[in-house]
Amino acid sequence: MSQSYEMIFILRPDLSEDQVNQALNSYKEFLTTNNATNLEVKIWGKRRLAYPIQKKVDGIYVQFNYEADGTQIAPLERMMRLGEEVMRYLTIRLDTVAPSSEAEPVASEA
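Calculation rules
Residues numbered from 1 in each chain as written. Predicted model: local features only at pLDDT ≥ 70, side-chain atom pairs only at ≥ 80, totals over all residues. Heavy atoms only, no water. UniProt positions renumbered as here; feature names shortened; annotations may be inferred. Helix = DSSP H or I, 4+ residues; strand = E, 2+ residues; numbered from the N terminus. Buried < 20%, exposed > 50% of the residue type's maximum accessible area, 1.4 Å probe, protein only. Axes fitted to C-alpha atoms, helices over the stretch in contact; angles between N-to-C directions. Parallel < 35°, antiparallel > 145°, perpendicular 65-115°, else oblique. Left-handed = near helix turned anticlockwise from the far one by under 90°. Contact = heavy atoms within 4.5 Å. Nonpolar A, V, L, I, M, F, W, Y, C, P; charged D, E, K, R; others polar. Arc of directions from axis to C-beta. Salt bridge = Lys/Arg side-chain N within 4 Å of Asp/Glu carboxyl O.

- By the naming in an unreviewed UniProt entry, the protein chain is Small ribosomal subunit protein bS6, taken from Crocosphaera watsonii WH 0003.
- One UniProt comment on the protein chain, placed under Function (unreviewed entry), says "Binds together with bS18 to 16S ribosomal RNA."
- The UniProt entry for the protein chain carries the following comment under Sequence similarities (unreviewed entry): "Belongs to the bacterial ribosomal protein bS6 family."

**What about the overall build of the protein chain?**
Inference 1: Counting its regular elements, the protein chain contains two helices and four strands.
Inference 2: Reading the helices (α) and strands (β) of the protein chain from amino to carboxyl end gives β-α-β-β-α-β.
Inference 3: Looking at the 110 residues of the protein chain, the share that counts as buried comes to 34%.

**With respect to the packing of helix H1 (residues 17-33) against helix H2 (residues 73-82)**
Inference 1: Contact pair H1 / H2: the axes reach a minimum separation of 11 Å and the direction vectors enclose 160°. On the basis of the axis angle, H1 is roughly antiparallel to H2. In this structure, the crossing between H1 and H2 has a hand that is right-handed. Where H1 abuts H2, its residues Ser26, Tyr27, Phe30 and Leu31 lie against Pro75, Leu76, Met79 and Met80.
Inference 2: Here the residues of the contact of H1 with H2 sort into seven nonpolar, one polar and no charged.

**Some details on H2**
Inference 1: Here H2 has its buried residues at Ile73, Leu76, Glu77 and Met80. Projected onto a plane normal to the axis of H2, the buried residues spread over an arc of 95° and lie on a single side. Turned more than 90 degrees from where H2 packs its buried face, Ala74 and Leu82 sit exposed.
Inference 2: Residues of H2 that are buried make contact with strand E1 (3-11), H1, strand E3 (56-68) and strand E4 (86-94).

**Regarding the pattern of salt bridges**
Pairs can form between side chains of opposite charge once their charged atoms are near each other.
Inference 1: Overall, the coordinates contain two salt bridges when judged by the stated rule.
Inference 2: Salt-bridge contacts for Asp14 lead to Arg12; the nearest nitrogen and oxygen are separated by 2.9 Å.
Inference 3: Judged by its relative accessible area of 49%, Asp14 is partly exposed.
Inference 4: In this structure, Asp58 engages Arg48 in a salt bridge whose closest nitrogen and oxygen atoms are separated by 3.8 Å. With a gap of 10 residues between them, Asp58 in strand E3 and Arg48 in strand E2 (residues 37-53) connect regions that are remote in the sequence.
Inference 5: By relative accessible area, which is 22% here, Asp58 ends up partly exposed.

So, in structure tokens, the structure goes:
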């Protein structure tokens, strides 16, 4: 069963544009070869971190949204943990929200 996932990760700020693209392409390729669909990539750019990580105060933020069965998460996070370009990552499963019906007025009994 396919679920929606959102992954946000922070790349080192000293990476060149080519290195950033190479890292993004390897993660996108991993997801697509492991049956992830509807992959959306949003690059937020270089931003100030809330607290220093590895003595760095800036980072390149990237967001992946995709649908998958969940078996891709652990190997992808392992790739990020072993690589040197990712400082932090977080994956969350998004809840599927049913279309809301308009609330019917309830008559109060007085």
